[in-house]
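One letter stands for each residue in the lines below.
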Amino acid sequence: MGLLLHGSLLQAALDSSLPVSHAETDMTAWGATLGASYGLEVLPGLILEPGAGLAYSSVAGDDFTDSLGVAVALDEGQSLRGHLGLKLQRHWTLHGLGQVAPYLRAEVAEEFLDGNRVTANGLTFESSLQGTSYRAGFGLDARIGRDLAFYGAVDFAWGERIDQATQVSAGLRLSF
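All values derive from a computational prediction rather than experimental measurement.

Rules and cut-offs
Residues numbered from 1 in each chain as written. Predicted model: local features only at pLDDT ≥ 70, side-chain atom pairs only at ≥ 80, totals over all residues. Heavy atoms only, no water. Helix = DSSP H or I, 4+ residues; strand = E, 2+ residues; numbered from the N terminus. Rg over C-alpha atoms; globule rule 2.2 N^0.38 Å. Buried < 20%, exposed > 50% of the residue type's maximum accessible area, 1.4 Å probe, protein only. Contact = heavy atoms within 4.5 Å. Areas by Shrake-Rupley, 256 points an atom, 1.4 Å probe, with all protein chains shown as cover. Salt bridge = Lys/Arg side-chain N within 4 Å of Asp/Glu carboxyl O. 1 Å grid on protein atoms, 1.4 Å probe; cavity = no way out; pocket = protein on both sides within 12 Å on 5 of 7 lines; lining within 4 Å. Points joined across faces, edges and corners; volume = space filled by probe spheres on them. Nonpolar A, V, L, I, M, F, W, Y, C, P; charged D, E, K, R; others polar. Phe/Tyr/Trp six-rings, centres within 6.5 Å; stacked < 30°, edge-to-face > 60°.

Novice: Could you clarify how one ought to interpret the overall build of the protein chain in this entry?
Specialist: Along the protein chain, the regular secondary structure elements total 0 helices and 14 strands. The N-to-C order of helical and strand elements in the protein chain reads β-β-β-β-β-β-β-β-β-β-β-β-β-β. Against the globule reference of 16 Å for 176 residues, the protein chain gives a C-alpha radius of gyration of 21 Å, more extended than a compact globule. Across its three principal axes, the protein chain shows a C-alpha extent of roughly 65 × 35 × 30 Å. In the protein chain, buried positions account for 22% of the 176 residues. Taking the contacts inside the protein chain whose residues are at least 6 apart along the sequence as the reference set, 51% of them involve residues at least 24 apart. In the structure as shown, the protein chain presents an accessible area of about 11800 Å², 62% of it carried by carbon and sulfur atoms.

What follows is the structure, given as structure tokens:
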């Protein structure tokens, strides 16, 4: 089980080329994530890991007027997202080199909050990701020696408010 808290103070600059416009505002972002998972060894080296989590985030910005006199009011943008998932991972030891662990995963998520708004000179723009979404993907975790690890993943998402989403991530982890 894990808990992650995060926060950011942001300075945002907004520019437009037609007509030429510029504005700056201060923004804050914070959130918390609570999650739990548990790996069950179903066969030697084959782990089935159910998991669940709940994440809240908030982004707020000061109202501002751009260089053309457009008054912009930002509502606080909020998200409360719950998810249930399942991961199937196979672990292999590469004698003298490290370990590799490819995996498949699937997840269903629900966004509970709705109604993020921006108002510009009385005209309101709204966005919403409320509803159910799904994610499936595959990846690889590899430990090379004692201090270096590589990871990579490809994820596909779809749902009520997602037209098409593919995410690819990769990186290195160095332990010391």
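Novice: Looking at this structure, how should I read the pattern of salt bridges?
Specialist: If the charged atoms of two oppositely charged side chains come close together, the side chains can form a pair. Counting across every chain of the model gives 5 salt bridges. In this structure, D155 engages R105 in a salt bridge whose closest nitrogen and oxygen atoms are separated by 2.7 Å. Remark: R105 occurs in strand β9 (residues 98–111) and D155 occurs in strand β13 (residues 148–159); sequence separation between them is 50 residues. Residue R146 pairs with D147 through a salt bridge whose shortest N-O separation is 3.6 Å.

Novice: Help me understand the layout of surface pockets in this model?
Specialist: Rolled over the atoms, a probe as big as a water molecule pinpoints where empty space is left. Roughly 530 Å³ of internal volume is contained in the largest pocket. Around the largest pocket, the lining is made up of 18 residues, and of these E49, H83, K87, R105 and E107 lie nearest the centre. In this structure, the second largest pocket is lined by 27 residues; those nearest its centre are R81, E111, L129, S133 and I162. Every element with two or more residues in the lining of the second largest pocket is listed here: β7 (77–90), β9, β12 (131–144), β13 and β14 (162–174). Looking at the lining of the second largest pocket residue by residue, the classes come out as 8 nonpolar, 11 polar and 8 charged.

Novice: What is the right way to read the packing of aromatic side chains from this model?
Specialist: Two numbers describe a pair of aromatic rings. These are the distance of the centres and the angle of the planes. Inspection of the entire model under this criterion finds 2 aromatic pairs. A centroid spacing of 5.2 Å and a plane angle of 50° characterise the contact between W30 and Y56, whose relative ring orientation is tilted. You can see W30 sitting in strand β2 (residues 21–37) and its partner Y56 sitting in strand β4 (residues 46–61), a full 26 residues away along the chain. Judged by its relative accessible area of 44%, W30 falls in the partly exposed class. With a centroid separation of 6.0 Å and 25° between ring planes, the pair formed by Y134 and W158 is classed as stacked.

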